[in-house]
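Read off the chains here:
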Amino acid sequence: MELNYILELSGVSKTFGQTRAVQRMDLNVEAGQTTVLIGPSGCGKSTLLRLMIGLIRPDTGTIRFEGTELTPDNVLALRQRMGYVIQEGGLFPHLTGYDNVSLMAQYLGWDDNRIKARLAELTDLTHFPTDGLDRYPAQLSGGQQQRVSLMRALMLDPDVLLMDEPLGALDAMIRAGLQTDLREIFQTLGKTVVMVTHDIGEAGFFGDEILLLRDGQVVQKDTLETLVSSPAEAFVSDFINAQRSPLETLGGGES
Amino acid sequence: MKRYWLFLFVVAPLFTVPSFVNGDAPEVKVGSKKFTESVILGELISQIAQSAGASAVHRRELGGTRILWNALLKGEIDAYPEYTGTISQEILAGEGISGEEEIRKALAAQGIRMSRPLGFNNTYIVGMKEAVAEKLLIRTISDLRRHPDLKIGFSNEFMDRGDGWPSLRDRYSLPHRDVRGMDHDLAYRGLERGDIQVIDLYSTDAEIQYYNLRGLADDLGHFPAYHAVILYRDDLQKKAPKVASALLKLEGRIPEKEMVKLNARVKLDRVPESRVASEFLEATLSVKTDVQAETGASRFLKHTREHLLLVAISLLGAIIVSIPLGILAAKVPQIGQIILGIVGIIQTIPSLALLVFMIPLLGIGGPPAILALFLYSLLPIVRNTYAGLHDIPMQIRESAEALGLPPAARLRLVELPMSARSILAGIKTAAVINVGTATLGALIGAGGYGQPILTGIRLDDVGLILQGAVPAAGLALLVQGLFELAERGLVSKGLRLKAE
Ligand SMILES: Nc1ncnc2c1ncn2[C@@H]1O[C@H](COP(=O)(O)OP(=O)(O)O)[C@@H](O)[C@H]1O
Ligand SMILES: [Mg+2]
């Protein structure tokens, strides 16, 4: 049963100065599932992801990845089995799309053919135009940049994909297109995904399971339906209602 | 990606300085100060040494007494012309020494010998324009007390020396407030224009007649005698006995009138010192010397080579040291503040002072100038390396980390290439400052484009000044252009796109 959990956080806390970003968190991420972290801005979503990939160390508690506790000694190796798409892209502006995606593979000494073959698979998967690989990030649209970020995270075929608001910076039209593509990709790959969003609609669209956070703690962990039908506390319905679209309110489509 | 990394290893072309030493002839190095009389005497000494079988080198126009004296003590020069007053008042200051024999004994204790006086007494005098002095009825230094508003421009050396302005002021109770230190040659021009009314000058100056000046009588007998002598090292006697005895042939052979004439030949008639010296030696000592006048082109090439050498070595050294320091500063904030503080302080030291500080460590010539220029070049490169790394956005830094790249690889593949523009801009700034500051190297015998500038100021020869100033400015522009080209090669197109 332990094997079903790819990431296990137990008693994890992280404080920045006075801010308690994550408080005594117990969280297990099930393999093959898409887990969505949602909550108001500043509730600790990004901090949780950064803890999972070892960019920061917890003040208390332990984090296990595939049964191994993350330590400064093994974190570099373990990261190669995780893919991370950072908030706001984080593409290397001095490298072409090709070099951005293959940087780590080149560092690990993959030969050119292997890299090219892998890139062909990824451009196919993400519907990315092949000629875009020769461009620099500044020459790509926002949606294309996110696809490059995604390819970079998937390059080494990681066991888990951590995504921090991957669609946050995009405008609505592009966002809708990319949402569909992303869900298709997740289904094709059957990968474990942990995704952060602040949009409840998006959470429902992707998430097998949604974790609603507040002040570094989990308020409720359920499917969207359950969150709506039986909220654990008033905060849950408040959070969901606050995001209801004006159109929906106009149509009076909800009780 | 390797090419982004290359800029660390941009190797500036190195120039080697050939040294021509003919056969077994002992090498005799002669120094002189940066005023015409000293250069002529230096030329006389080196030509006599040459005619006595040595391979003589004349390091002309060095910055001041201390520089020459220390160079003599360290054996970087074997001989140079000096004045007894300067020796007792400045070199041996505070030892209460006066009189030729006492001086000779004190010098011998330090391994230095002194010739007998060469003939003339080039004492300091205080001078004014004849017409102005006449109008104000000033004949003696004491008379100056009645005119406290006169503006005074003394040579920088006179401002500082033991028998200079401070003790002159005390001796005569002079009330003047507007007293400036300035280059001796500029003082004459200030006097002509009326910016200043009183200057210090030497009794053998060619200008006394040319500018129609009146020397004020030293009525309280303040100034000691300044008999010209030759100082040389004990070991010259052993190394080149013939040279040592040949030098002494100059003793008593240059009376004051003769020296004024020689000075005027150079300063007013624009005859090169080497020819003036050679003619004098032939006429008075029947010593035939062979003076090869350097052509303009070969002199230009020599100065260019010296200048490039100063800049290239100091800049290359600064690049090699500064980039790691900048990286360290960015990675370890506590050490970073210290590093940035220290290189910042170095930058505040006036360049001339920094050059002179180097002399006790490295003597005169190229090495101390290179070290000073090296120190000057640190700040822009360290600061820009630090700033370039420091300004990399958090997301980019973390993206590299999240891939699993170890710190050294992150630095090499992501952080340094992203800072390339900033680092290169720092190197460019350092290079341009360096090219300009290197012109001061001539003051401590490092040559370069500063040499014609120095000589030009001394001889009031604008053409000569331009021969140094124009190529120095051109070189600065060239360096700037080269770095802009280098930026295309070394800064990723992706970064250049962003800036456009
Ligand atoms: N490096 C940091 N230093 C100081 N405070 C931080 C840091 N990272 C996050 N925080 C604080 O921790 C809290 C949680 O941040 P974060 O995890 O980024 O929230 P979000 O849920 O919006 O992603 C916020 O109050 C934030 O200001
Ligand atoms: Mg966030």
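Every chain's residues receive numbers from 1 upward, in the order its sequence appears when written. In the order they appear in the text, chains get letters beginning with A and ligands get numbers beginning with 1. Note on the predicted model: pLDDT of at least 70 is required for a residue's local features to be given, and 80 or more for side-chain atom pairs to be given and counted; whole-chain, interface and lining totals, by contrast, use all residues. Hydrogens are left out, water is left out, and the side-chain values use all remaining heavy atoms of the structure.

1. As for the packing of aromatic side chains
Stacked, edge-to-face and tilted are the three classes for Phe, Tyr and Trp ring pairs, Trp counted by its six-membered ring, which pair at centre distances within 6.5 Å; planes under 30 degrees apart are stacked, over 60 edge-to-face, the rest tilted. Under the defined criterion, the tally for this structure stands at 15 aromatic pairs over all chains. Here the aromatic rings of F186(A) and F206(A) are separated by 5.7 Å at their centres, their planes lie at 50°, and the arrangement is tilted. With F186(A) in helix α6 (residues 172–189) and F206(A) in helix α7 (residues 200–206), the pair connects residues that are 20 residues apart, well separated along the chain. Type-normalised accessible area, obtained with a 1.4 Å probe on protein chains alone, sets the label of each residue: buried when under 20%, exposed when over 50%, and partly exposed for intermediate values. Note on F206(A): relative accessible area 5%, which makes it buried. Judged by centre distance (6.0 Å) and plane angle (50°), the rings of F158(B) and F223(B) are tilted. Taken together, the residues F158(B) in helix α7 (residues 156–160) and F223(B) in the loop between β9 (213–216) and β10 (228–233) connect sequence positions 65 residues apart. Of the two residues, F158(B) and F223(B), both sit in the buried class. A network of ring pairs unites the aromatic residues F35(B), Y83(B), Y124(B), F154(B), F158(B), W165(B), Y202(B), F223(B) and Y226(B) as a single cluster. The rule for a charge over a ring is simple: NZ of Lys or CZ of Arg within 6 Å of the ring centre, and within 35 degrees of the ring normal. Here R152(A) stacks its cationic end above the ring of F92(A), 4.7 Å away from the centre of that ring. Runs of E in the DSSP output that reach at least two residues are strands. Runs of H or I that reach at least four are helices, and both are numbered from the N terminus.

2. A closer look at the domain arrangement of chain B
Size of an interface: often given as the accessible area lost when the parts come together. Residue and element names in this part refer to chain B. Domain parsing of chain B yields domain 1 (21–119 + 226–285), domain 2 (124–216) and domain 3 (296–499). Taking only C-alpha atoms, the centre of domain 1 and the centre of domain 2 are 28 Å apart. In what follows, residue pairs with any heavy atoms lying within 4.5 Å of each other are defined as contacts. Across the contact, 16 residues belong to domain 1 and 13 residues belong to domain 2. The contact between domain 1 and domain 2 buries some 1200 Å² in all, and 48% of this surface belongs to carbon and sulfur atoms. Basic side-chain nitrogens of Lys or Arg form a salt bridge, by our definition, when they fall within 4 Å of a carboxyl oxygen of Asp or Glu. Counting across the domain 1 and domain 2 interface gives two salt bridges. One salt bridge in this structure joins E207 and K267, with 2.7 Å as the shortest N-O distance. Any pair of N or O atoms that falls within 3.5 Å is considered a polar contact. Within protein, one atom must be able to donate a hydrogen and the other to accept it, and sequence-neighbouring residues count only if both atoms are side-chain atoms. Taken together, the links from domain 1 to domain 2 amount to five residue pairs in polar contact (both at pLDDT 80 or more). Breaking the side of domain 1 that touches domain 2 down by element, the ones donating at least two residues are α4 (84–91) and α13 (256–267). As a working rule, the residues Ala, Val, Leu, Ile, Met, Phe, Trp, Tyr, Cys and Pro are called nonpolar, Asp, Glu, Lys and Arg charged, and the rest polar, with Gly in that last group. When its residues are assigned to classes, the side of domain 1 that touches domain 2 shows five nonpolar, five polar and six charged. As annotated, the domain borders come from an automatic or database domain assignment. Two parts placed together each lose some accessible area under a 1.4 Å probe, and the buried area is that loss summed for both.

3. Some details on the side chain of K267(B)
Within the fold, K267(B) resides in helix α13. Not counting residues up to four positions away in its chain, the partners in contact with K267(B) are T36(B), D185(B), A206(B), E207(B), R458(B) and L459(B).

4. Comments concerning unusual backbone geometry
Residue and element names in this part refer to chain A. The backbone of R24 sits at a positive phi, close to 35°, despite the residue not being glycine. Relative to the helices and strands, R24 resides in strand β2 (residues 19–30). For R24, a relative accessible area of 65% translates into the label exposed. For D215, which is not a glycine, the phi torsion comes out positive at approximately 45°.

5. A look at the interface of chain A and chain B
On the chain B side, the residues contacting the 26 residues of chain A number 27 residues. Where chain A abuts chain B, roughly 2300 Å² becomes buried across the two surfaces, and 70% of that area is made up of carbon and sulfur atoms. Together, P93(A), H94(A) and Y107(A) form the three largest contributors to the area buried by chain A at its contact with chain B, with a combined 25%. In this assembly, chain A and chain B are joined by two salt bridges.

6. Some thoughts on the sheet that holds strand β1 (residues 5–16) of chain A
All names here are of chain A. For two strands to count as paired, DSSP must find a minimum of two bridges between them. The four strands lie next to each other as β2-β1-β4-β5, forming an open sheet whose pairing is antiparallel. With one partner strand each, in any of the chains shown, β2 and β5 (68–69) form the two edges of the open sheet. Direction of pairing for strand β4 (residues 60–65) relative to β5: antiparallel, over a ladder of two bridges. What sits directly across from R64, in β5, is E69.

7. Overview of a nonpolar patch on the surface
A patch is a set of surface residues, each over 30% in relative accessible area and not in a salt bridge, joined within 9 Å for like charges and within 5 Å for the nonpolar side chains Val, Leu, Ile, Met, Phe, Trp and Tyr. The Shrake-Rupley method, run with a 1.4 Å probe, gives the accessible areas here. Residue values count only the displayed protein chains as cover. The grouping of V462(B), L466(B) and V470(B) at the surface amounts to a nonpolar patch, some 270 Å² of accessible area in total. Locating V462(B) in the fold gives a position in helix α22 (residues 462–490).

8. What about the site of ligand 1?
All names here are of chain A. In the region of ligand 1, the neighbouring residues are F16, T19, A21, S41, G42, C43, G44, K45, S46, T47 and R50. In this structure, an oxygen atom belonging to ligand 1 sits 2.7 Å away from a side-chain N or O atom of S46. T47 is positioned such that a nitrogen or oxygen atom in its side chain is 2.5 Å from an oxygen atom of ligand 1. Relative to its free-state accessible area of 550 Å², ligand 1 is covered by the protein chains to the extent of 63%. Of all the secondary structure elements, the ones that give two or more residues to the shell around ligand 1 are β2 and α1 (45–52). If one sorts the elements of the shell around ligand 1 by residue count, α1 sits on top with four residues. Split into classes, the residues belonging to the shell around ligand 1 amount to three nonpolar, six polar and two charged. Whether a residue is near a molecule or strand depends on its heavy atoms: if one lies within 4 Å, it is near.

9. Focus on the side chain of D183(B)
Tracing the sequence through the fold places D183(B) in the loop between β7 (179–182) and α9 (184–193). Not counting residues up to four positions away in its chain, the partners in contact with D183(B) are K34(B), N156(B) and I457(B).

10. Quick look at the confidence of the model for chain B
Residues and elements named next belong to chain B. Each residue gets a pLDDT score, which is the predictor's confidence in that residue and runs from 0 to 100. Per-residue confidence for chain B gives a mean pLDDT of 86, with 94% of residues at or over 70. Of the regions scoring below 50 in pLDDT, residues 1–22 engages in 41 contacts with residues more than four places distant in sequence or in other chains. The ipTM value of the predicted complex is 0.89, and its pTM value is 0.77.

11. Quick look at the environment of G32(A)
All names here are of chain A. Tracing the chain through its elements places G32 in the loop between β2 and β3 (34–38). Its relative accessible area of 45% is what places G32 among the partly exposed residues. Residues G32 and L49, 17 residues apart in the sequence, show an inter-C-alpha distance of 17 Å. In contact with G32, not counting residues within four places along its chain, are G190, K191 and T192.

12. Here we look at the packing of helix α5 (residues 142–154) of chain A against α6(A)
Residue and element names in this part refer to chain A. Only the contacting stretch of a helix is used when fitting its axis, a line to C-alpha atoms as for every element, and angles between N-to-C directions run 0 to 180 degrees. Where α5 contacts α6, the two axes come as close as 11 Å, and the packing angle between them is 20°. Classified by the angle between their axes, α5 and α6 sit roughly parallel to one another. For the pair α5 and α6, the crossing hand works out as right-handed. Across from G143, Q146, R147, L150 and L154 in α5, the residues of α6 making contact are I174, L178, D181, L182, I185 and L189. Roughly parallel means an angle under 35 degrees; roughly antiparallel means over 145; roughly perpendicular covers 65 to 115; every other angle is labelled oblique. Crossing handedness: left-handed means the near helix sits turned counterclockwise from the far one by under a right angle, and right-handed means the same turn made clockwise.

13. Points about the pattern of salt bridges
Following the criterion strictly, the structure yields 38 salt bridges over all chains and no others. A salt bridge links D159(A) to R81(A); the nearest nitrogen and oxygen atoms lie 3.8 Å apart. Here the residue D159(A) occupies a position in the loop between α5 and β7 (160–164), and R81(A) occupies one in the loop between α2 (75–79) and β6 (82–85), the gap between them amounting to 78 residues. D159(A) gets classed as partly exposed once you look at its relative accessible area, which sits at 30%. Here R81(A) falls in the partly exposed class, since its relative accessible area comes to 35%. Within the structure, one salt-bridge network assembled from shared partners comprises E130(B), E134(B), R139(B) and R214(B).

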